[in-house]
Amino acid sequence: MTVYFIGAGPGDPELITVKGQRLVRTCPVILYAGSLVPKEVLVGHRASICIDTAELDLDAIVALLRDAHANGQDVARMHSGDPSLYGAIGEQIRRLDALGIPYEIVPGVTATAASAAALKRELTLPSISQTVILTRYATKTSMPEGEALADLARHRATLAIHLGVRHIERIVADLLPHYGADCPVAVVFRASWPDEARVEGTLGDIAPKVRAAGVERTAMIIVGRVLSAAGFAHSTLYGRD
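In this text the structure is predicted, and so the values were computed from the model without any measurement.

A. The arrangement of the domain arrangement of the protein chain in detail. According to the domain assignment, the protein chain contains domain 1 (3-106) and domain 2 (111-227). Domain 1 and domain 2 are separated by 29 Å when their C-alpha centres are compared. Tallying the contact residues gives eight residues for domain 1 and nine residues for domain 2. A per-residue breakdown of the area domain 1 buries against domain 2 is headed by Pro10, Leu85 and Tyr86, which together make up 65% of the total. Linking domain 1 with domain 2 are zero salt bridges. The interface formed by domain 1 and domain 2 includes five residue pairs in polar contact (both at pLDDT 80 or more).

B. Seen up close, the sheet that holds strand β6 (residues 132-136). Spatial strand order, β6-β7-β10-β8-β9: five strands in an open sheet with mixed pairing. Lying at the two open borders of the sheet, with one neighbouring strand each, are β6 and β9 (197-202). Looking at each pair of strands side by side, their axes are set apart by 15° on average, direction ignored. As paired strands, strand β8 (residues 184-189) and strand β10 (residues 219-223) are joined by five bridges and run antiparallel to one another. Pairing of Ala186 across the sheet is with Ile222, part of β10.

Rules of the game
Residues numbered from 1 in each chain as written. Predicted model: local features only at pLDDT ≥ 70, side-chain atom pairs only at ≥ 80, totals over all residues. Heavy atoms only, no water. Domains from an automatic or database assignment. Contact = heavy atoms within 4.5 Å. Buried area = accessible area lost by both parts, 1.4 Å probe. Salt bridge = Lys/Arg side-chain N within 4 Å of Asp/Glu carboxyl O. Polar contact = N/O pair within 3.5 Å; in protein donor to acceptor, adjacent residues only side chain to side chain. Pairing = 2+ DSSP bridges. Helix = DSSP H or I, 4+ residues; strand = E, 2+ residues; numbered from the N terminus. Axes fitted to C-alpha atoms, helices over the stretch in contact; angles between N-to-C directions.

Next up, the structure:
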């Protein structure tokens, strides 16, 4: 058997990969993070066991994987977005390695990509920014040395910040010295879900706009000049010569 860690995408059930959808429809066991993975992603499944793991701890989840292994059953282990980003699969993989249970990772569409699509923006523009930093704001889990938001801001690259919208004022304070008050910011709530919402502004005014909109969770913060750049250079990709 194999445990497939599948990226279910950011919310729109059509944004799961073809491979991920095939595995959902063929694996006899499905474990999904119900707080973030829409049930529509599971449409068409024929699994005999389908469990929402939102209320389960690591030991309980590993026990289910171990049982499936003992029964020779493949498992579709569904995570939101791409499982390699803030998916907490590392701790599951470590346990599977210790138990000798095989696994595979099936990538998915990230919340960053879905947010860029919602904003209709390219996150890397010639002469504006050629780097995207994916990070999170430190709250319960501390950041390693050198990865504090203020340290990353010194690069002035495009920033995609997960899990931080509740601390928007602190984030703005960390970024202002490096990006300036006029730097564009967009907050995308539940990118690609039916209730998706966007709040756009600058570092100078985004915090009160976010508070007024009532956005407190499940939102991406995108920061960078790429969001409003008009005078960027053409790429060489489509140049005549």
